[in-house]
Structure formats: structure tokens, C-alpha cells
Amino acid sequence: QVQLVESGGGSVQAGGSLRLSCAASGRTFRRYSMGWSRQAPGKERAFVAAISWSDGSTYYANSVKGRFTISRDNAKNTVYLQMNSLKPEDTAVYYCAADGIVRELVVGTNDYWGQGTQVTVAS
């Protein structure tokens with residue numbers, strides 16, 4: 001079992017930055033690929049970014065490439081999402097996700113989800 005707790009959401013002006021954190025429980029954190037998805041009002045949850053447990057490869061949705069960076073600290077059981085140059089369309093609830101297979105994170109069929117943290121970008 002893995003429990004995920006997000007933090008770092010909030011409100012920011014367009015062009016600003018936020019860093020989300022996700023703390024994971026469990027001693028096998030380093031064996032899980034980690035990721036972030038988001039759900040905007042009236043829309044389905046969508047993949048944002050993922051990082052593989054095996055080689056640290058990263059994957060991004062086209063909409064955030066070059067602006068968002070995912071990273072992990074296995075010693076702290078934490079994954080981060082650095083979000084720069086934020087746009088109003090980035091407004092959503094952001095969910096941390098975990099799975100042993102990174103592809104599951106990309107397609108949204110991963111085993112574990114956090115409770116979500118709100119990000120609001122004002123124009």
C-alpha cells in the first residue's frame with residue numbers, strides 16, 4: 001500500500017510559479033514510478049507528468065513541456081512538480097499518482113492517487 005499526500009497548491013498570477021510536493025508512505029517508494037495528473041472544472045482528469053522509478057526518465061504532456069519539471073527525492077519519499085510560466089488554463093486540482101509501471105501513470109490507470117491540491121492561476 002502507498003499513501004500519497006500533496007501540498008503546495010494555491011493561487012498565483014499568470015506567469016508565476018508554484019512547486020507541488022507529494023509525500024509518499026511506504027518503504028518501497030523507490031520502486032514506484034510517480035506522476036501528476038490534473039482535473040479542471042468540467043473536464044476529465046488528464047496526465048501532466050511522470051518519472052520512472054527505474055532510470056529516472058521523465059514524461060510530460062505537450063501542454064506543459066518546457067514549463068513544468070517533475071523530480072523525485074527517494075531519501076525523502078517525495079516527488080515534486082515545479083510549475084513555471086503558469087497560465088490560466090493550468091487551473092485545476094492536481095493529483096499525485098503512483099504505480100510500478102510508468103505507462104499506467106500516463107494513461108491514468110495507476111494504482112494509487114492522492115487526495116488532490118488546488119492550483120488557481122489568475123489572468
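Before reading further, recall that the structure is shown in the block above.
Report follows, based on the coordinates. (Residues numbered from 1 in each chain as written. Predicted model: local features only at pLDDT ≥ 70, side-chain atom pairs only at ≥ 80, totals over all residues. Heavy atoms only, no water.)

**Some details on the nonpolar core**
One finds Leu4, Met34, Trp36, Leu81, Met83 and Tyr94 to be the most contacted residues of the largest nonpolar core, which totals 35 residues. Broken down by secondary-structure element, the contributors of at least two residues to this core are strand E3 (18–24), strand E4 (33–39), strand E5 (46–51), strand E7 (68–73), strand E8 (78–83), strand E9 (92–99), helix H1 (102–107) and strand E11 (117–122). (Core = buried A, V, L, I, M, F, W, Y, C linked by side-chain atoms within 4.5 Å. Buried < 20%, exposed > 50% of the residue type's maximum accessible area, 1.4 Å probe, protein only. Helix = DSSP H or I, 4+ residues; strand = E, 2+ residues; numbered from the N terminus.)

**Considering the layout of surface pockets**
Its volume calculated, the largest pocket comes out at about 200 Å³. Around the largest pocket, the lining is made up of 15 residues, and of these Arg38, Ala40, Lys43, Glu89 and Asp90 lie nearest the centre. Taken together, the elements giving at least two residues each to the lining of the largest pocket come down to E4 and E5. The residue makeup of the lining of the largest pocket, split by class, is five nonpolar, three polar and seven charged. (1 Å grid on protein atoms, 1.4 Å probe; cavity = no way out; pocket = protein on both sides within 12 Å on 5 of 7 lines; lining within 4 Å. Points joined across faces, edges and corners; volume = space filled by probe spheres on them. Nonpolar A, V, L, I, M, F, W, Y, C, P; charged D, E, K, R; others polar.)

**Structural notes on the sheet that holds E3**
The four strands are arranged E1-E3-E8-E7 in an open sheet whose pairing can be described as antiparallel. Only two strands of the sheet have a single partner each, and these edge strands are strand E1 (4–7) and E7. Mean inter-strand twist for the sheet, computed between neighbouring axes without regard to direction, equals 15°. Relative to E8, E3 runs antiparallel, the two sharing six bridges. If you follow Leu20 over to E8, its bridge partner there is Leu81. (Pairing = 2+ DSSP bridges. Axes fitted to C-alpha atoms, helices over the stretch in contact; angles between N-to-C directions.)

**Section: the state of the cysteines**
Inspection of the entire model under this criterion finds one disulfide. For Cys22, the disulfide goes to Cys96, at an S-S distance of 2.1 Å. The sign of the S-S torsion, about -85°, decides the handedness of the disulfide formed by Cys22 and Cys96: left-handed. Placement of the pair is Cys22 in strand E3 and Cys96 in strand E9, with a sequence separation of 74 residues. Accessibility classification places Cys22 together with Cys96 in one group, the buried group. (Disulfide = S-S within 2.5 Å.)

**A look at the pattern of salt bridges**
What the rule picks out here adds up to two salt bridges. A salt bridge links Arg38 to Asp90, with the shortest nitrogen-to-oxygen separation between them at 2.9 Å. Of the two residues, Arg38 is situated in strand E4 and Asp90 in the loop between E8 and E9; the sequence distance between them amounts to 52 residues. Given the relative accessible area of 13%, Arg38 is considered buried. The exposure class of Asp90 is buried, given its relative accessible area of 0%. A salt bridge links Arg67 to Asp90, with the shortest nitrogen-to-oxygen separation between them at 2.7 Å. (Salt bridge = Lys/Arg side-chain N within 4 Å of Asp/Glu carboxyl O.)

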